[in-house]
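# Coordinate inspection notes
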Amino acid sequence: MRGIINYFIKNSFAANALMIGLLIIGIVSGLQMKSTFFPEIPNRLIFVQTVLPGASPEEIEEGIINKIEEKLKGITGIERITSVSNENAGAVTIEVKQKADAYTVIEDVKNAVNSIPSFPAGMEPAKVFVNENVGFAISFAISGAENLQKLKAVARNVEDDLLAMDGISKVSLSGFPEEEIVVECRERDLRAYQLTFSEISSAVRAANIDITGGRVKGNKEEILLRARQKEYYANDLRNIIVKKDADGGKVLLHQVADVKDQWAEDNPSRSFLNGEPSVVITVNNTPKTEDMITITDLVNNYVDEFNADQTELKATIVRDGSILLRQRI
């Protein structure tokens, strides 16, 4: 140690060069650091989500979940597997061992799931993904209109604007119930057309679904065929054919049932700001790639511009996670 000190005493240029080098490294490192409230925690959970419309929990368990769990046995890096079977859907949660890399294990999981040839007909493609760590950045509410549909429509546009900004990838909306399509069969018309409720249900289920049509192989490429017939609004379902006769006559859904959009009654989630209906927009950040302070600055500027352009609606910051982070820094 004494020799190193003597060297720098005799060679002032080397000491100054080392100091300047350390300063440059520190400045560059500081500019490249991402600001986040909590440290990043390695991800250890992999999810497999499956959907089979019209299936009972028992059918999901026997026809899908058990087959997936059987295929996952023996994959290196898996510590524990748990599953849940519900009506129409099932989920498998895979916990990865401490020293294993979830993004390496997920490739083996995808290959295992894709190799199962005997899934039930009508099942949607299984989704396999790693649970991504996200942190809270900022949230704001849009209020000023009594019509919840209008607030939601404006919030959707705001969501698109925020996602288009460089550095923002996680935006979610809340403050309104889930939307659902209600099909109310009219008994009088069912009798007139000699139809049953189960026939109507089967026709809607068969028509409102995405279907895979196989593959077309060419000399240089392979094309996957898929028919996208799933609709999300009542008007798009009104003309579903529920019955045909030998003469070519057709009975459409709206001729025997009332089809309408409505808010879900079993989940009456609402938010209010100063007594007015509102929709809350929450922006999160991924600690590894996105900077919280940069995101909150972008959102605050967007809120100011939104309020300057609006006469009826108003955006109000509800919570800014960067305030406490700036104080810590």
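Note that the structure is predicted; figures quoted are calculated from it, not measured.

### Examining unusual backbone geometry
- A positive phi is found at Asn 88, a non-glycine position, where the angle reads about 75°.
- Examined against the element boundaries, Asn 88 turns out to sit in the loop between β2 (78–86) and β3 (89–96).
- If you check the backbone angles, Asn 274 has positive phi at about 55° while not being a glycine.
- Structurally, the position occupied by Asn 274 is in the loop between β13 (271–273) and β14 (276–285).

### Observations concerning the sheet that holds β3
- Strands sit in the order β2-β3-β1-β4 across an open sheet of 4 strands; the sheet is antiparallel. One side of each edge strand has no neighbouring strand; the edge strands of this open sheet are β2 and β4 (127–130). Mean inter-strand twist for the sheet, computed between neighbouring axes without regard to direction, equals 15°.
- Of the pairings in the sheet, the one linking strand β1 (residues 45–51) to β4 comprises 4 bridges and is antiparallel in character. Across the sheet, Phe 47 pairs through a bridge with Phe 129, a residue of β4.
- Its contacts with the sheet place helix α3 (residues 57–72) against β1, β2 and β3, and it is angled at close to 165° to β2.
- The strands touched by helix α4 (residues 102–114) within the sheet are β1, β2, β3 and β4, with β4 carrying the most contacts at an inclination of about 170°.

### Let's talk about the packing of aromatic side chains
- One pass over the full model with this rule turns up 1 aromatic pair.
- Arg 319 extends its terminal NZ or CZ atom over the ring of Phe 136, reaching a point 4.0 Å from the ring centre.

### Focus: the confidence of the model for the protein chain
- A residue-level look at the protein chain finds 97% of positions with pLDDT of 70 or above and a mean pLDDT of 85.
- Taking the mean pLDDT of every element in the protein chain, the minimum, 71, falls on strand β8 (residues 210–217) and the maximum, 94, on strand β15 (residues 314–320).

### Observations concerning the packing of helix α5 (residues 148–163) against helix α8 (residues 292–309)
- Their axes nearest at 12 Å, the elements α5 and α8 cross at an angle of 135°. Comparing their axes, α8 and α5 come out oblique. Between α5 and α8 lies a crossing of right-handed hand. Touching Val 154, Val 158, Asp 161 and Leu 162 of α5 are Val 299, Tyr 302 and Phe 306, all from α8.
- Of the residues contributing to the contact of α5 with α8, the split by class is 6 nonpolar, no polar and 1 charged.

### Digging into the environment of Leu 252
- Positionally, Leu 252 belongs in strand β11 (residues 250–252).
- It is 52 Å that separates the C-alpha atoms of Leu 252 and Glu 79, two residues lying 173 residues apart in sequence.
- In this structure, Leu 252 is in contact with Arg 238, Asn 239, Ile 240, Ile 241 and Val 242, ignoring residues within four places of it in sequence.

About the criteria used
Residues numbered from 1 in each chain as written. Predicted model: local features only at pLDDT ≥ 70, side-chain atom pairs only at ≥ 80, totals over all residues. Heavy atoms only, no water. Helix = DSSP H or I, 4+ residues; strand = E, 2+ residues; numbered from the N terminus. Pairing = 2+ DSSP bridges. Axes fitted to C-alpha atoms, helices over the stretch in contact; angles between N-to-C directions. Contact = heavy atoms within 4.5 Å. Phe/Tyr/Trp six-rings, centres within 6.5 Å; stacked < 30°, edge-to-face > 60°. Lys NZ or Arg CZ within 6 Å of the ring centre and 35° of its normal. pLDDT = per-residue confidence, 0-100. Parallel < 35°, antiparallel > 145°, perpendicular 65-115°, else oblique. Left-handed = near helix turned anticlockwise from the far one by under 90°. Nonpolar A, V, L, I, M, F, W, Y, C, P; charged D, E, K, R; others polar.

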